[in-house]
Amino acid sequence: MTQRSITVLPGDGIGPSIVAAAIKILDAAGCQFQYDYADAGLSALEKYGELLPQTTLDLIAKNKVALKGPLTTPIGGGFTSINVTLRKHFNLYANLRPVVSFAGTQSRFENIDIITIRENTEGMYSGAGQTRALDNSSAEAMSIITHEGAERISEFAYQLAVKEGRKKVTIVHKANILKSTSGLFLEVAREVALRYPQIETNEMIVDAVCMNLVMYPERFDIIVTTNLFGDIISDLCAGLIGGLGMAPGANIGKEVAIFEAVHGSAPDIAGQNIANPCSVILAAIQLLEHLNMQDQAELIRAAIKKTLAQGKTITQDLSGSASTTEFTDAIIANL
Ligand code: NAD
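These numbers were taken from a predicted model, which means no experiment stands behind them.

Calculation criteria
- Within each chain, residues carry numbers counting from 1 in the order of the written sequence.
- Whole-chain, interface and lining totals are the exception, using all residues; otherwise, since this is a predicted model, local features are given only for residues with pLDDT of at least 70 and side-chain atom pairs are given and counted only at 80 or more.
- Just so you know, side-chain values use all the structure's heavy atoms and leave hydrogens and water out.
- We call a pair of cysteine sulfur atoms a disulfide when they lie within 2.5 Å.
- Relative accessibility thresholds used throughout: buried, under 20% of the residue-type maximum; exposed, over 50%; partly exposed, between the two (1.4 Å probe, protein chains only).
- One heavy atom suffices: a residue is near a molecule or strand as soon as one of its heavy atoms comes within 4 Å of it.
- Any pair of nitrogen or oxygen atoms within 3.5 Å is treated as a polar contact; in protein, a donor-acceptor pairing is required on top of that, and neighbouring residues in sequence qualify only through side-chain atoms on both sides.
- Charged means Asp, Glu, Lys or Arg here, nonpolar means Ala, Val, Leu, Ile, Met, Phe, Trp, Tyr, Cys or Pro, and polar covers whatever is left, Gly included.
- Pairing of aromatic side chains requires ring centres within 6.5 Å, counting the rings of Phe and Tyr and the six-membered ring of Trp. Pairs whose planes differ by under 30 degrees are stacked, by over 60 edge-to-face, and all others tilted.
- Only DSSP runs of H or I reaching four residues or more are called helices, and only runs of E reaching two or more are called strands; each is numbered from the N terminus.
- Counting as a charge over the ring demands two things of the Lys NZ or Arg CZ atom: a distance within 6 Å of the ring centre and an angle within 35 degrees of the ring normal.

## Focus: the state of the cysteines
Here is step 1 of the chain: Counted according to the given criterion, the structure contains 0 disulfides.
Here is step 2 of the chain: As a non-bridged cysteine, cysteine 210 has cysteine 237 as the owner of its nearest cysteine sulfur, 9.0 Å distant.
Here is step 3 of the chain: With relative accessibility at 1%, the residue cysteine 237 sits in the buried group.

Now the structure itself:
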């Protein structure tokens, strides 16, 4: 049998250690992948003088699926975000960020099961590279919402709801103030909702969503929203289930899909072997599901669940004292 190749971007900061943990677990679960390693971010800047080399883009295009560590984009200096560039380059229009409660994570909430579907190529982030300083005291940036973009992300959310047997989609917007952009998104999402009468549709303004997520998270099932709101809401959702160390994300396009943690490179804890590897391991589970490798996905999910429930070998962010390596090995022992 020919081995399936996947592209691996270890990334910056805590990236290489948590990506290595995920690979160790994929191997231990018998996934038999061939890994093509590629550089991006600071490691690429040091080696090749650029943040996102063409060879890396070529390797992602070749294998069509990639597991990616977080990347540091240097602040200022005219650097465009590498993540935004990757999403635009491969047209990864849907960012699927699930949060699920695991017993043993010391969260204030139980039974959380929410998926944020974030439009990944438009909104405020699409114009971020074109931000223009007008003079020393003001700046402007562009936000783009298109009918096509709003329609395909809404379709993605409703199709996912049908496929996964979900009950409700909440359309999150700020159409009362951002009348043209958020207004168009809401209008188009409503049109798409009409095609799915079997799914309950709810509309909510983003500020109300923040309060309701903290007070009544059980009222949410699937959230669909624009780029910036989705980025913020998904971090809030991560806070409901024990923090960023438990939050994965899939960036999905028609051809290519890139799986990663929701969080960044965490420079404050880099090099200490204390990062929680679950975010990238859960992203690897999303990758397995994308490749229809449900058995291995379930095997790894069950091992994470068991390790967290045992509560003995977990990292500091989850109120434990284990290292990244010890946590990873405990999950492997539970496979
Ligand atoms: P961050 O997400 O890296 O860290 C926020 C906080 O969460 C930190 O205290 C960190 O220690 C903690 N944390 C994050 N992941 C953790 C884990 N797995 N285990 C335990 N604790 C964890 O946010 P930041 O510090 O604002 O950003 C650092 C860099 O990452 C920036 O350059 C930013 O641009 C980049 N970034 C990249 C991505 C990506 O590649 N997808 C996403 C967000 C931020």
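## Some details on the site of the ligand
Here is step 1 of the chain: The local shell around the ligand holds 21 residues, among which Leu71, Asn83, Gly264, Ala266 and Asp268 are the closest.
Here is step 2 of the chain: Within the side chain of aspartate 268, an N or O atom sits 2.8 Å from an oxygen atom of the ligand.
Here is step 3 of the chain: Asparagine 276 is positioned such that a nitrogen or oxygen atom in its backbone is 2.9 Å from a nitrogen atom of the ligand.
Here is step 4 of the chain: Looking at the shell around the ligand residue by residue, the class counts come to 9 nonpolar, 8 polar and 4 charged.

## A few points about the packing of aromatic side chains
Here is step 1 of the chain: Counted by the stated rule, this structure contains 4 aromatic pairs.
Here is step 2 of the chain: Residues tyrosine 93 and phenylalanine 156 carry aromatic rings whose centres are separated by 6.2 Å and whose planes lie at 85 degrees to one another, so their mutual orientation is edge-to-face. Of this pair, tyrosine 93 sits in the loop between helix H4 (82-89) and strand E4 (94-100) while phenylalanine 156 sits in helix H6 (residues 147-163), placing them 63 residues apart in sequence.
Here is step 3 of the chain: Here the aromatic rings of tyrosine 158 and tyrosine 196 are separated by 5.2 Å at their centres, their planes lie at 20 degrees, and the arrangement is stacked. Of the two residues, tyrosine 158 sits in helix H6 while tyrosine 196 sits in the loop between helix H7 (181-194) and strand E9 (200-205), which places them 38 residues apart along the sequence.
Here is step 4 of the chain: On the accessibility criterion, tyrosine 158 (0% relative accessible area) is buried.
Here is step 5 of the chain: One Lys or Arg, arginine 219, reaches over the ring of tyrosine 216 and ends 3.7 Å from the middle of that ring.

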